[in-house]
Amino acid sequence: MLLSNLEILPGKQVVKHLGLVQGSSVRSKHAGRDFLSGIKNIFGGELTAYTELLQDSREQATERMTAQAKSVGANAVLNIRFSTSSIAAGAAEIYVYGTAVELVDG
Amino acid sequence: MDNLLIFIGLLMCGWFFGRRAEKKHYKSIIEREHKFNAIPAIASRFPPADTVYDQKLVAGSTVVSSDYFKSITAAMINIFGGEVKPYEALIDRARRESILRMKLQAKNAGADMVFNIKMETSAISAGKIGAIEVLAYGTALIPPNTNTVIEADNLNVAT
């Protein structure tokens with residue numbers, strides 16, 4: 001599966017548009033981690049726990065999107081966009097979407 | 001009185017550790033930026049048409065937290081209005097770090113450049129925690145016939 005956030009791929013041709021595919025994932029950290037991050041908030045610096053959390057979350061959302069693209073028979077997803085929103089205290093939603101297409105060389 | 005002491009203690013902690021972390025971070029950012037200058041990040045949507053590149057989606061993200069001193073200073077600036085300098089530096093750090101992480105992924109994939117960079121900033125509010133997440137993503141263009149082994153990275157999407 002080719003994933004790209006470009007719209008045009010040099011050397012490749014889109015033979016079929018299969019519509020929008022998407023994946024999302026909502027995750028939160030357990031209270032202990034939240035507490036530790038609260039302490040980090042006094043001293044400043046990177047919140048590694050959250051960076052990891054969001055990365056895992058993004059990976060899962062991408063997997064879900066890829067699975068959906070596969071199920072509609074696509075071999076590539078173009079023009080991918082990510083979006084993040086915090087929906088509640090301590091939880092974030094990662095949303096990823098793109099256009100599923102069928103590509104051929106040439 | 002006790003409360004005032006705690007407040008001043010927190011303020012000093014924030015000022016000292018926050019400043020130290022920021023200086024250290026900027027030093028490492030500038031160092032790595034020089035290293036990754038060879039892989040330009042380009043915001044254009046149209047890749048060069050003369051070569052057929054392999055492509056791979058690359059992304060880098062950072063969550064940075066404000067410190068107590070910054071939060072209090074920003075709250076004070078907020079009363080009078082104006083430029084909130086402490087937060088500008090914070091977001092700048094997060095952004096540059098994200099781009100560097102993205103470039104690291106691109107480098108591991110053997111890419112020449114990264115096209116169509118998109119940046120996204122969002123506030124992560126876990127309770128009282130003031131933190132922002134910056135995500136940078138783009139398409140890495142890998143020149144054909146490179147035998148670079150694609151290393152495992154944070155976003156395993158090239159399957």
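Note that the coordinates shown come from a computational prediction; the quantities given were computed from them, not determined experimentally.

So, on to the overall build of chain B. Across its full length, chain B holds three helices and three strands. Starting at the N terminus, the α and β elements of chain B follow one another as α-β-α-α-β-β. A burial count over chain B gives 42% of its 159 residues as buried. Relative to all contacts within chain B whose residues are 6 or more apart in sequence, the contacts with residues 24 or more apart total 82%. Carbon and sulfur atoms form 61% of the exposed surface of chain B, whose accessible area is close to 8,600 Å².

Scanning chain A from terminus to terminus reveals two helices and five strands. Its C-alpha radius of gyration of 17 Å places chain A more than 25% over the 13 Å reference for a compact globule of 106 residues. Considering chain A as a whole, with its 106 residues, one finds that 45% of them fall into the buried category. A sequence separation of at least 24 residues applies to 77% of the contacts in chain A between residues at least 6 apart.

This paragraph deals with the packing of aromatic side chains. Any aromatic ring pair is given by two values, namely how distant the centres are and how the planes are angled relative to each other. All names here are of chain B. For the coordinates displayed, the defined rule picks out five aromatic pairs over all chains. Geometrically, the ring pair formed by Phe-16 and Phe-17 is edge-to-face, given 5.2 Å between the ring centres and 80° between the ring planes. Residue classification places Phe-17 among the partly exposed residues on the basis of a relative accessible area of 32%.

Let's shift gears to a nonpolar patch on the surface. Residues and elements named next belong to chain B. Where nonpolar side chains cluster on the molecular surface, the patch consists of Met-1, Leu-4, Leu-5, Phe-7, Ile-8 and Met-12 and spans about 640 Å² of accessible area. Positionally, Met-1 belongs in the segment before helix 1 (2-35). By relative accessible area, Met-1 is classed as exposed at 74%.

For the largest pocket, the calculated volume is near 220 Å³. Around the largest pocket, the lining residues are Phe43(A), Gly45(A), Glu46(A), Phe17(B), Arg20(B), Ala21(B), Lys24(B), His25(B), Ser28(B), Val64(B) and Arg93(B). If one sorts the elements of the lining of the largest pocket by residue count, helix 1 of chain B sits on top with six residues. Taken together, the residues that form the lining of the largest pocket break down as four nonpolar, three polar and four charged.

This part is about helix 2 (residues 48-71) of chain A. Count 3.6 residues to each turn of an α-helix, and residues three or four apart come out pointing the same way. Between its terminal C-alpha atoms helix 2 of chain A stretches 35 Å, which fits the 34 Å expected from 24 residues at 1.5 Å a residue. One or two steps after helix 2 of chain A, the chain reaches Gly73(A), where phi turns positive at roughly 85°.

So, about the environment of Gly60(B). Residue and element names in this part refer to chain B. Note that Gly-60 resides in strand 1 (residues 54-67). As for Gly-60 and Arg-101, which are separated by 41 residues in sequence, their C-alpha atoms are 4.8 Å apart. Sequence-distant contacts of Gly-60, defined by excluding residues within four places in its chain, comprise Ser-98, Arg-101, Met-102, Val-134, Leu-135 and Ala-136.

Turning our attention to the nonpolar core. Counting residues in each nonpolar core, the largest one holds 25 residues, and the members touching the most others are Leu3(A), Met65(A), Ala69(A), Val77(A) and Ile80(A). Taken together, the elements giving at least two residues each to this core come down to helix 2, strand 4 (76-88) and strand 5 (91-105) of chain A together with strand 1 and strand 3 (129-142) of chain B. If you look at the next biggest cluster of nonpolar residues, it comprises 14 residues, including Ile39(B), Ala109(B), Ala140(B) and Ile142(B).

Bringing the interface of chain A and chain B into the picture now. You'll often see interface size given as the accessible area lost when the parts meet. Every contact between the two is made by 38 residues of chain A and, on the other side, 50 residues of chain B. With both chains or domains summed, chain A and chain B bury close to 3,700 Å², and 56% of this area falls on carbon and sulfur atoms. Viewed at the interface, chain B and chain A are joined by three salt bridges. Contributions of two or more residues to the side of chain A that touches chain B are made by strand 1 (2-3), helix 1 (31-43), strand 3 (44-46), helix 2 and strand 4 of chain A. Its residues placed into classes, the side of chain A that touches chain B shows 16 nonpolar, 15 polar and seven charged. Of the pairings in the sheet, the one linking strand 3 of chain A to strand 1 of chain B comprises two bridges and is antiparallel in character. Its bridge partner being in strand 1 of chain B, Gly45(A) is matched across the sheet by Ser65(B).

Looking now at the packing of helix 2 (residues 68-80) of chain B against helix 3 (residues 85-108) of chain B. Residues and elements named next belong to chain B. Two elements in contact, helix 2 and helix 3, have axes whose closest approach is 9 Å; the angle formed by their N-to-C orientations is 130°. Taken together, the axis directions place helix 2 and helix 3 in an arrangement best described as oblique. Packed against helix 2, whose contacting residues are Lys-70, Ser-71, Thr-73, Ala-74 and Ile-77, the element helix 3 presents Pro-86, Tyr-87 and Arg-93 at the interface. Grouping the constituent residues of the contact of helix 2 with helix 3 by class yields four nonpolar, two polar and two charged.

Rules used in this analysis
Residues numbered from 1 in each chain as written. Chains lettered and ligands numbered in written order. Predicted model: local features only at pLDDT ≥ 70, side-chain atom pairs only at ≥ 80, totals over all residues. Heavy atoms only, no water. Helix = DSSP H or I, 4+ residues; strand = E, 2+ residues; numbered from the N terminus. Buried < 20%, exposed > 50% of the residue type's maximum accessible area, 1.4 Å probe, protein only. Contact = heavy atoms within 4.5 Å. Areas by Shrake-Rupley, 256 points an atom, 1.4 Å probe, with all protein chains shown as cover. Rg over C-alpha atoms; globule rule 2.2 N^0.38 Å. Phe/Tyr/Trp six-rings, centres within 6.5 Å; stacked < 30°, edge-to-face > 60°. Patch = residues over 30% accessible without salt bridge, like charges linked within 9 Å, V, L, I, M, F, W, Y side chains within 5 Å. Salt bridge = Lys/Arg side-chain N within 4 Å of Asp/Glu carboxyl O. 1 Å grid on protein atoms, 1.4 Å probe; cavity = no way out; pocket = protein on both sides within 12 Å on 5 of 7 lines; lining within 4 Å. Points joined across faces, edges and corners; volume = space filled by probe spheres on them. Nonpolar A, V, L, I, M, F, W, Y, C, P; charged D, E, K, R; others polar. Expected span 1.5 Å × (residues − 1). Core = buried A, V, L, I, M, F, W, Y, C linked by side-chain atoms within 4.5 Å. Buried area = accessible area lost by both parts, 1.4 Å probe. Pairing = 2+ DSSP bridges. Axes fitted to C-alpha atoms, helices over the stretch in contact; angles between N-to-C directions. Parallel < 35°, antiparallel > 145°, perpendicular 65-115°, else oblique.

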